[in-house]
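The chain contents come next:
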Amino acid sequence: TQLLEQSPQFLSIQEGENLTVYCNSSSVFSSLQWYRQEPGEGPVLLVTVVTGGEVKKLKRLTFQFGDARKDSSLHITAAQPGDTGLYLCAGLFGNEKLTFGTGTRLTIIP
Amino acid sequence: EAGVAQSPRYKIIEKRQSVAFWCNPISGHATLYWYQQILGQGPKLLIQFQNNGVVDDSQLPKDRFSAERLKGVDSTLKIQPAKLEDSAVYLCASSWRQGGSPLHFGNGTRLTVT
């Protein structure tokens, strides 16, 4: 079973600060997805990255896929209270099984 | 398009009782997933269907959990008998196909076993 470790597990920062969340595995991903989950709801897809070294931007969110396709990061610029939630990475491995990471719970303090 | 529908939203049962969850995926989505999510953790796949066939149930505790997807559309997940450690949110998701297709999740059923 492939494991995806996310760090940090918890993060609480002030509004306006920047932050980075990491997703790491010992195995190579075919592709990787990032989801955000708010309380009482299911996860919602933010982005999919496929190519090693790929960078995608979604407004204040920047997603990067590692060159070796074993890791990914999510950077948020000027965090806002609406960014609060559980951030999940999900990696697709060669066997076409999607595995979710351990999650990062982000709290933005107004 | 209508999203993934799940019911009930909440369920409280005593240990050793049975419970069933229902999921209606997005129309046309061939792949359906049931996940178990312990509070604050990432979802763990219990079972994956492709149409009405099981693709992966390697992490499904088959002595107490069962799932079916009749006619390749709706699905039910059953627990019998429930244990305290089954307390979790049960999420249903669907996707257009297997592999890298994005998953669309329902809002889940929060199960509390007392």
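Preceding block: the structure.
Residues numbered from 1 in each chain as written. Chains lettered and ligands numbered in written order. Predicted model: local features only at pLDDT ≥ 70, side-chain atom pairs only at ≥ 80, totals over all residues. Heavy atoms only, no water.

## A closer look at the state of the cysteines
Residue and element names in this part refer to chain B.
So, point 1. All told, the structure shown has 2 disulfides over all chains when counted by the stated rule.
So, point 2. Covalently, Cys-23 is tied to Cys-92 through a disulfide, its sulfur atoms 1.9 Å apart. Taking the torsion about the S-S bond as the criterion, the Cys-23 to Cys-92 disulfide, at about -70 degrees, is left-handed. Separated by 69 residues along the polypeptide, Cys-23 in strand β3 (residues 19-24) and Cys-92 in strand β9 (residues 88-95) bring together distant segments of the chain.
So, point 3. Given a relative accessible area of 0%, Cys-23 falls into the buried group. (Disulfide = S-S within 2.5 Å. Helix = DSSP H or I, 4+ residues; strand = E, 2+ residues; numbered from the N terminus. Buried < 20%, exposed > 50% of the residue type's maximum accessible area, 1.4 Å probe, protein only.)

## Side note on the interface of chain A and chain B
So, point 1. Of the residues lining the interface, 18 residues belong to chain A; the matching set on chain B comes to 19 residues.
So, point 2. Taken together, the two surfaces of chain A and chain B that pack against each other cover about 1,400 Å², and 53% of this comes from carbon and sulfur.
So, point 3. Connecting chain A to chain B are 0 salt bridges.
So, point 4. For the pair chain A and chain B, the number of links is 5 residue pairs in polar contact (both at pLDDT 80 or more).
So, point 5. Secondary structure elements with two or more residues in the side of chain A that touches chain B: β4 (31-37), β9 (85-92) and β10 (98-100) of chain A. (Contact = heavy atoms within 4.5 Å. Buried area = accessible area lost by both parts, 1.4 Å probe. Salt bridge = Lys/Arg side-chain N within 4 Å of Asp/Glu carboxyl O. Polar contact = N/O pair within 3.5 Å; in protein donor to acceptor, adjacent residues only side chain to side chain.)

## With respect to the sheet that holds β3(B)
In any sheet, the strands associate via hydrogen bonds between backbone groups, in a parallel or an antiparallel arrangement.
All names here are of chain B.
So, point 1. Read across the sheet, 4 strands follow the order β1-β3-β8-β7 without closing on themselves; strand pairing throughout is antiparallel. Pairing within the sheet leaves two strands with one partner each, and these edge strands are β1 (5-7) and β7 (65-68). The sheet shows a mean angle of 15 degrees between the axes of neighbouring strands, taken without regard to direction.
So, point 2. Of the strand pairs in this sheet, β1 and β3 are connected by 3 bridges, and their pairing is antiparallel. Within the sheet, the bridge partner assigned to Gln-6 lies in β3 and is Cys-23. (Pairing = 2+ DSSP bridges. Axes fitted to C-alpha atoms, helices over the stretch in contact; angles between N-to-C directions.)

## Notes on the layout of surface pockets
So, point 1. In this structure, the second largest pocket spans a volume of roughly 270 Å³.
So, point 2. Split by residue class, the lining of the second largest pocket holds 6 nonpolar, 8 polar and 5 charged. (1 Å grid on protein atoms, 1.4 Å probe; cavity = no way out; pocket = protein on both sides within 12 Å on 5 of 7 lines; lining within 4 Å. Points joined across faces, edges and corners; volume = space filled by probe spheres on them. Nonpolar A, V, L, I, M, F, W, Y, C, P; charged D, E, K, R; others polar.)

## Thoughts on the side chain of Gln48(B)
So, point 1. Within the fold, Gln48(B) resides in strand β5 (residues 44-50).
So, point 2. Accessibility expressed as a relative area gives 3% for Gln48(B), which makes it buried.
So, point 3. Sequence-distant contacts of Gln48(B), defined by excluding residues within four places in its chain, comprise Lys97(A), Thr31(B), Leu32(B), Tyr33(B), Gly53(B), Val54(B), Val55(B), Asp56(B) and Gln98(B).

## Regarding the packing of aromatic side chains
Each pair of aromatic rings is reported with the distance of its centres and the angle of its planes.
So, point 1. By the definition in use, this model includes 11 aromatic pairs over all chains.
So, point 2. Note on Trp34(A) and Phe63(A): the rings are 6.4 Å apart at their centroids and 45 degrees apart in plane angle, and the pair reads as tilted. Placement of Trp34(A) in strand β4 and of Phe63(A) in strand β7 (residues 61-65) is noted, with a sequence separation of 29 residues between them. No difference in accessibility class separates Trp34(A) from Phe63(A), as the two residues are buried.
So, point 3. A ring pair is formed by Tyr35(A) and Phe100(A), whose centres lie 5.5 Å apart and whose planes are at 50 degrees; its orientation type is tilted. Of this pair, Tyr35(A) sits in strand β4 while Phe100(A) sits in strand β10; the two residues are 65 residues apart in sequence, bridging distant segments of the chain.
So, point 4. Three or more aromatic residues joined by ring pairs make a cluster, and in this case those are Tyr35(A), Phe100(A), Tyr33(B), Tyr35(B) and Phe105(B). (Phe/Tyr/Trp six-rings, centres within 6.5 Å; stacked < 30°, edge-to-face > 60°.)

## Points about empty space enclosed by the protein
So, point 1. Per the counting criterion, the structure on display carries 2 cavities of 30 Å³ or more.
So, point 2. The calculated volume of the largest cavity comes to roughly 30 Å³.
So, point 3. Leu92(A), Glu96(A), Lys97(A), Leu98(A), Tyr33(B), Gln48(B), Gln98(B) and Gly99(B) are the residues that line the largest cavity.
So, point 4. For the lining of the largest cavity, a count of residues per class yields 3 nonpolar, 3 polar and 2 charged.
So, point 5. The volume enclosed by the second largest cavity comes to roughly 30 Å³.
So, point 6. Considering only residue class, the lining of the second largest cavity consists of 2 nonpolar, 4 polar and 1 charged.

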